[in-house]
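# Topology and contacts: notes
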Amino acid sequence: MIYLDHAATTPIPAAVADEMYRVLTQQFGNPSSQYPMGQEARKMVEGCRTVIAAALGCQSSELHFTSCGTESDNWAILSALWHNRHVGKHIITTTVEHSAVLETCRALEAQGYEVTYLKPDKTGHITARQVGDALREDTAVVSVMLVNNETGCVFPLAEIAALLKERRSRALLHTDAVQGFMKVPCAPKALGVDMMSISAHKIGGPKGIGALYVGGSIRNIRPLLHGGGQEAGTRSGTEATAQIAGFAKAVELRAEGLTDKLAHMAEIKAYCREKLLAIDGVVAVGQGEAPHILMVSLVGYPSANVVTELGAQGICLSAGSACHRGKLSHVVTALGLDKRTAGGVLRISFGPETDFSDIDGLCAALLQHKNTRFPML
Ligand code: PLP
């Protein structure tokens, strides 16, 4: 198998699976229990929190476990709005956010909030100036992702944070860093963001566990889930101890030689780009800087067909969400491509495990597809 869909999810290293198995079978206590096995589980959870917080350069008290990146995004926006309920009901975001943010904003619009959706330019980028132009007295939240999951474009969060400060805005700044965590510089304090969402399964951890960073200056986080008062009262529900252990182990493993791993991914991406663009009819789409995501189009060849046929050959890549139920993804639509380019969009994404031979295999299969299939008109 050739796995080139690391932006969708990542393989789990054996050490992560082993650690999860150990916790499931040997350290299965409830962290809220008073007896030693429960207290051991509590200690383990707090140790994991420290490991992940260290990777973000924040205090462990600022990191709250959630069930996924989607929950983190929902919670961040809802709790930021509640925190700033006296500021106003205006939200700024972008048209190319993950649906976890976009659908939250759409639901809020139905409840009377007003949302400004910033559009990217043809390269896929958003500028701090666009945020500045949209900013109002009553802007309560700005939510802009760190790395776009389809184009790999990195958005200027530090500049946006500086702008909000300069304009003395009371808006809270949230970033969905699910694709940015351990791929690009991502420390929330260095970026100047108030809230940050991350997810384990994009970095070699298990699905079903994420976290939300909430800066220490924000007191009274509004709980999304009410109940037993776990996560210092902010997010009730018995801690998913094995998932948390897997998350922390994945962070530890990724952190070992991270600079070399990122350099390797960037090299693979450059190699892949060069080889793909040498195929007649393949064009680059967007100008994403993240080391792990490349977007191209095999112009005129419907990406759903390409992805299905390559999948049958054991090559996994994605159409972005380009042909989601026969419709173009909102990201591809936002780039304003012509129909044949938009229809042929492919997202190839890499991890530390990706090898140059994987790229050779992909290019050979794509060339074969192109030579044996008719393009759409
Ligand atoms: N945000 C971005 C940018 C993503 O790429 C994803 C997952 O694809 C999510 C949020 C959702 O994360 P999760 O799958 O953990 O809910």
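In what follows, the accompanying structure is described. (Residues numbered from 1 in each chain as written. Predicted model: local features only at pLDDT ≥ 70, side-chain atom pairs only at ≥ 80, totals over all residues. Heavy atoms only, no water.)

### Describing the sheet that holds strand S9 (residues 282–284)
Across the sheet, which stays open at both edges, the three strands sit in the order S9-S10-S12 with antiparallel pairing between neighbours. Among the strands making up the open sheet, the edge pair consists of S9 and strand S12 (345–349). In this sheet, neighbouring strand axes are inclined to one another by 35° on average, regardless of whether the strands run parallel or antiparallel. When strand S10 (residues 293–298) meets S12, the two strands line up antiparallel, connected through five bridges. The partner of isoleucine 293 across the bridge, within S12, is serine 349. Packing against the sheet, helix H9 (residues 258–277) makes contact with S9, S10 and S12, and its axis sits at approximately 5° to S10. (Pairing = 2+ DSSP bridges. Helix = DSSP H or I, 4+ residues; strand = E, 2+ residues; numbered from the N terminus. Axes fitted to C-alpha atoms, helices over the stretch in contact; angles between N-to-C directions. Contact = heavy atoms within 4.5 Å.)

### Let's talk about helix H8 (residues 241–255)
With 15 residues, H8 extends 21 Å between its outermost C-alpha atoms, agreeing within 8% with the 21 Å of an ideal straight helix rising 1.5 Å per residue. Listing the buried residues of H8 in full gives Thr241, Ala242, Ile244, Ala245, Gly246, Phe247, Ala248, Ala250, Val251 and Arg254. Those residues of H8 that are buried lie in contact with helix H1 (14–26), helix H2 (36–56), strand S2 (63–66), strand S7 (195–199), strand S8 (210–214) and H9. Count one or two residues on from H8 and you reach glycine 257, which has phi positive near 60°. (Expected span 1.5 Å × (residues − 1). Buried < 20%, exposed > 50% of the residue type's maximum accessible area, 1.4 Å probe, protein only.)

### Digging into the state of the cysteines
All chains considered together, the criterion is met by zero disulfides. Lacking any disulfide linkage, cysteine 186 is separated from the closest cysteine sulfur, that of cysteine 58, by 10 Å. The class of cysteine 186 is buried, set by a relative accessible area of 8%. (Disulfide = S-S within 2.5 Å.)

### Observations regarding the packing of aromatic side chains
Scanning the model with the defined rule gives one aromatic pair in all. Ring centres of tyrosine 271 and phenylalanine 356 lie 5.1 Å apart, and the angle between their planes is 80°; this geometry places the pair in the edge-to-face category. Within this pair, whereas tyrosine 271 is found in helix H9, its partner phenylalanine 356 is found in helix H13 (residues 356–372), the two being separated by 85 residues in sequence. Of the residues examined, phenylalanine 356 reaches a relative accessible area of 28% and is grouped as partly exposed. Seen from the ring of tryptophan 82, arginine 85 lies directly overhead, with NZ or CZ sitting 4.2 Å from the centre. For lysine 89, the ring lying beneath its charged end belongs to tyrosine 113, and the centroid distance is 4.8 Å. (Phe/Tyr/Trp six-rings, centres within 6.5 Å; stacked < 30°, edge-to-face > 60°. Lys NZ or Arg CZ within 6 Å of the ring centre and 35° of its normal.)

### Considering the site of the ligand
Close to the ligand lie 13 residues, the nearest being Gly69, Thr70, Asp176, Ser199 and Lys202. Note that an oxygen atom of the ligand is positioned 2.8 Å from one of the backbone N or O atoms of glycine 69. For the ligand, an oxygen atom lies 2.9 Å from a polar atom in the side chain of histidine 201. Notes on the ligand: free accessible area 390 Å², of which the protein chains cover 87%. For the shell around the ligand, the leading source of residues is helix H3 (residues 69–83), giving three residues. Considered class by class, the residues forming the shell around the ligand number three nonpolar, seven polar and three charged. (Near = heavy atom within 4 Å. Polar contact = N/O pair within 3.5 Å; in protein donor to acceptor, adjacent residues only side chain to side chain. Areas by Shrake-Rupley, 256 points an atom, 1.4 Å probe, with all protein chains shown as cover. Nonpolar A, V, L, I, M, F, W, Y, C, P; charged D, E, K, R; others polar.)

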